[in-house]
Amino acid sequence: FGQQNAWQADTVIMNYNDMIKFLHAKDVDNNYLFPTFVFGSTDTINGMKIVTSPLVAPNTLYVLDSTKGQILDRKAMTIDMSYENSSNFETETVTVKAVERVQFHVPIIARDAFMKCTDIAAAITAITKP
């Protein structure tokens, strides 16, 4: 929640493999910790949206208030076209590549709204202690 509970976490970013392990986690009585997995809802947990990314290291996750940052878009895109890929010239097809650069900006005052957990297993153990 950040200092003085100023933030409301709404998003979890994690590696896809960790998400699968996380949703299958069970307690000592062999009950699922997150029963929403059983009912088919795997895009939210405890009211937070789960986003997967291969850029997140295994056994690491980020919890954040997505309203405290914004995407800055230069509104410029580079488009390249090529007929030189494999048989594109023979089949009269084109390969199109578009690149757009964006930045996720977080003001210094809102940096506490973005938290990193470097050990998911330890975090699950900590929250499941009686």
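So, here is what we can say about the structure in this document. Predicted model, so just to flag it, every value in this text is computed and none were measured.

Bringing the overall build of the protein into the picture now. Assigned secondary structure in the protein consists of three helices and seven strands. By residue count, 23% of the 130 residues in the protein fall in the buried class. Look at the contacts in the protein between residues 6 or more apart in sequence, and 66% of them connect residues 24 or more apart. When the accessible surface of the protein is split by element, carbon and sulfur atoms take 55% of a total near 9900 Å².

What follows is about the pattern of salt bridges. Tallied over the full model, the rule gives one salt bridge. A salt bridge links K97 to D80, with the shortest nitrogen-to-oxygen separation between them at 4.0 Å. Of the two residues, K97 is situated in strand β6 (residues 95-105) and D80 in strand β5 (residues 70-82); the sequence distance between them amounts to 17 residues.

The subject of this paragraph is the side chain of S53. When you line up the elements, S53 lands in the loop between β3 (48-52) and β4 (61-64). With a relative accessible area of 18%, S53 lands in the buried category. If we ignore the near neighbours within four places in the chain, the residues touching S53 are I13, M14 and N15.

All told, the structure shown has one aromatic pair when counted by the stated rule. Summarising the aromatic geometry, the rings of F104 and F114 are spaced 5.9 Å apart at their centres and angled 75° between planes, so their arrangement reads as edge-to-face. One end of the pair, F104, is in strand β6; the other, F114, is in strand β7 (residues 114-117), with ten residues separating them in the sequence.

In sheet architecture, strand pairing relies on hydrogen bonds along the backbone and comes in two forms, parallel and antiparallel. In spatial order, the strands read β2-β3-β1-β4-β7; together these five strands make up an open sheet with mixed pairing. Only two strands of the sheet have a single partner each, and these edge strands are β2 (44-45) and β7.

Attention now goes to the side chain of D65. Checked against the element boundaries, D65 lands in the loop between β4 and β5. One buried charged residue, D65, forms no salt bridge at all, with the nearest opposite charge on K68 at 4.6 Å. A polar contact is formed between the side chain of D65 and the backbone nitrogen of Q8, at a distance of 3.2 Å. When sequence neighbours within four positions are dropped, the list of residues in contact with D65 reads W7, Q8, A9, D10, A113 and F114.

Definitions and cut-offs
Residues numbered from 1 in each chain as written. Predicted model: local features only at pLDDT ≥ 70, side-chain atom pairs only at ≥ 80, totals over all residues. Heavy atoms only, no water. Helix = DSSP H or I, 4+ residues; strand = E, 2+ residues; numbered from the N terminus. Buried < 20%, exposed > 50% of the residue type's maximum accessible area, 1.4 Å probe, protein only. Contact = heavy atoms within 4.5 Å. Areas by Shrake-Rupley, 256 points an atom, 1.4 Å probe, with all protein chains shown as cover. Salt bridge = Lys/Arg side-chain N within 4 Å of Asp/Glu carboxyl O. Phe/Tyr/Trp six-rings, centres within 6.5 Å; stacked < 30°, edge-to-face > 60°. Pairing = 2+ DSSP bridges. Lys, Arg positive; Asp, Glu negative; His and termini not counted. Polar contact = N/O pair within 3.5 Å; in protein donor to acceptor, adjacent residues only side chain to side chain.

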